[in-house]
Amino acid sequence: MINMIEVNLGVLVALSFIVLVILRTPIFIALAVPSLVYIILAGLPLTFPAQRLTYMLDSVVLLTVPLFIFVGSLMNKAGV
């Protein structure tokens, strides 16, 4: 069963993001502040975002998209 505290924290994060966007806060702050508050209140280690980011970037599929765009841009500049 889903823990009710986690659901309430998720709703709090979503609402705080919406409020910060309505207040015209820059998007990177509107995303970062609620996320950090969630990590702290949920009792997760502060290394959690770095671990998840490293795990996600380890995917070969995610690396192919920016490399494909880069090679296309390079070929366009070279006139191929």
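Everything below is about the structure printed above this text.
Residues numbered from 1 in each chain as written. Predicted model: local features only at pLDDT ≥ 70, side-chain atom pairs only at ≥ 80, totals over all residues. Heavy atoms only, no water.

Details of the overall build of the chain
Argument step 1. Helix and strand counts for the chain come out as four helices and zero strands.
Argument step 2. Taken from the N to the C terminus, the helices and strands of the chain come in the order α-α-α-α.
Argument step 3. Per-residue burial over the chain gives 8% buried out of 80 residues.
Argument step 4. Accessible area of the chain: about 6900 Å², with a carbon and sulfur share of 77%. (Helix = DSSP H or I, 4+ residues; strand = E, 2+ residues; numbered from the N terminus. Buried < 20%, exposed > 50% of the residue type's maximum accessible area, 1.4 Å probe, protein only. Areas by Shrake-Rupley, 256 points an atom, 1.4 Å probe, with all protein chains shown as cover.)

Overview of unusual backbone geometry
Argument step 1. Phi is positive for R24, close to 65°, though the residue is something other than glycine.
Argument step 2. Structurally, the position occupied by R24 is in the loop between α1 (4-22) and α2 (27-41).
Argument step 3. Judged by relative accessible area, which is 76%, R24 ranks as exposed.

As for helix α4 (residues 60-78)
Argument step 1. Over its 19 residues, α4 runs 26 Å from end to end, which matches the ideal 27 Å to within 8%, given 1.5 Å per residue.
Argument step 2. G79 sits one or two residues past α4 and shows a positive phi near 80°. (Expected span 1.5 Å × (residues − 1).)

With respect to a nonpolar patch on the surface
Argument step 1. Together, L63, L67, F70, V71, L74, M75 and V80 give the surface a local cluster of nonpolar side chains, amounting to about 710 Å² of exposed area.
Argument step 2. Assignment of secondary structure puts M75 in helix α4. (Patch = residues over 30% accessible without salt bridge, like charges linked within 9 Å, V, L, I, M, F, W, Y side chains within 5 Å. Salt bridge = Lys/Arg side-chain N within 4 Å of Asp/Glu carboxyl O.)

Concerning α2
Argument step 1. Compared with the 21 Å implied by 1.5 Å per residue over 15 residues, the 22 Å span of α2 between its first and last C-alpha is a close match.
Argument step 2. Residues of α2 that are buried: A30, P34 and I39. For α2, the arc enclosing every buried residue in end-on projection is 150°, short of the 170-degree limit, so these residues lie on one face. Of the exposed residues in α2, the ones pointing more than 90 degrees away from its buried face are F28 and I40.
Argument step 3. Positive phi shows up at G43, right after α2, with a value of about 80°. (Arc of directions from axis to C-beta.)

Description of the environment of S35
Argument step 1. Tracing the chain through its elements places S35 in helix α2.
Argument step 2. The exposure class of S35 is partly exposed, given its relative accessible area of 36%.
Argument step 3. Along the chain, S35 and T25 lie 10 residues apart, while their C-alpha atoms are 15 Å from each other.
Argument step 4. Within the structure, S35 has its side chain in polar contact with the backbone oxygen of L31 (distance 2.7 Å). (Polar contact = N/O pair within 3.5 Å; in protein donor to acceptor, adjacent residues only side chain to side chain.)

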